[in-house]
Amino acid sequence: MKIKRIQDAILPTLWGEFKIIGFQEKGNDKNHVVLTYGNINHKKPVLVRIHSECLTGDALFSLRCDCGEQLKTSLALIAESGSGILIYHRQEGRNIGLLNKIKAYHLQDQGLDTVEANHKLGFSADERDFTICSDILKLMHIKKIILLTNNPLKVKILVNAGINIVKRMNLIVKDNPKNKKYLNTKINKMGHLIS
């Protein structure tokens, strides 16, 4: 296990009352949070969303990506279903960090797409470590999940890490004129399953 559970508290939100749980990676000060809603039945598949941190989309309402809309939609779907888990995976900019993400944005302003910009900065298309998320699920004794994602890489990594994904659910949000190129890159270069 690369991670340990630190503390939990009640988090009232626009979608209802969640529990927020703090986790810390062992050996460093990196941390992640989990939001749980309702009664998590460990014998049934649990609705799970892994949402990677996106300060610009989640908190600053950027239209360059679909992250903020995905976060809001995920919380709403979890609340509507009566129970579920959102892992807020704190690996900003596909784990290149906030300042490198701004550098990537600058390269995108010059005409590169997100993958090309990451490569120009010396990174792979996606640097995230989803095994941390599998460790969190195991620590929470979650055996079976319904994964809310468009990203087949998440599915593959979690299955390889021993997580039983009984179903994958699409997470579709509205696009806008500012993120069409971004979404096309996700589909055509990263294999995301977006209709």
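All values derive from a computational prediction rather than experimental measurement.

Draft legend 1. Geometry of the UniProt feature "domain: GTP cyclohydrolase II" (unreviewed entry) in the chain. Per the UniProt annotation, the sites labelled "domain: GTP cyclohydrolase II" (unreviewed entry) are residues 6-169. Helix makes up 37% of residues 6-169 and strand 30%, and the two end C-alpha atoms of the span are 30 Å apart.

Draft legend 2. Molecular detail of the sheet that holds strand S1 (residues 3-13). Here seven strands make up an open sheet; going across it, the order is S1-S2-S3-S5-S4-S6-S7 and the pairing mixed. In this open sheet, the two edge strands, each paired with only one partner strand, are S1 and strand S7 (164-169). Across the sheet, the mean angle separating the axes of adjacent strands is 25° when strand polarity is ignored. Contacts from helix H2 (residues 67-81) reach strand S2 (16-25), strand S3 (31-37), strand S4 (46-52), strand S5 (84-89) and strand S6 (144-148), with the element oriented near 165° to S4. On the sheet, helix H6 (residues 131-139) packs against S1, S2, S3, S4, S5 and S6 and is oriented at approximately 80° with respect to S1.

Draft legend 3. Layout of the packing of aromatic side chains. Here the structure, examined in full by the defined rule, presents one aromatic pair. When the ring of Phe18 is compared with that of Tyr37, the centres are 4.9 Å apart and the planes differ by 50°; the resulting orientation is tilted. Of this pair, Phe18 sits in strand S2 while Tyr37 sits in strand S3, placing them 19 residues apart in sequence. Residue Phe18 is classed as buried on the basis of its relative accessible area, which comes to 2%. The ring of Tyr105 is capped by Arg64, whose NZ or CZ atom sits 4.2 Å from the centre of that ring.

Calculation notes
- Residues numbered from 1 in each chain as written.
- Predicted model: local features only at pLDDT ≥ 70, side-chain atom pairs only at ≥ 80, totals over all residues.
- Heavy atoms only, no water.
- UniProt positions renumbered as here; feature names shortened; annotations may be inferred.
- Helix = DSSP H or I, 4+ residues; strand = E, 2+ residues; numbered from the N terminus.
- Pairing = 2+ DSSP bridges.
- Axes fitted to C-alpha atoms, helices over the stretch in contact; angles between N-to-C directions.
- Contact = heavy atoms within 4.5 Å.
- Phe/Tyr/Trp six-rings, centres within 6.5 Å; stacked < 30°, edge-to-face > 60°.
- Buried < 20%, exposed > 50% of the residue type's maximum accessible area, 1.4 Å probe, protein only.
- Lys NZ or Arg CZ within 6 Å of the ring centre and 35° of its normal.

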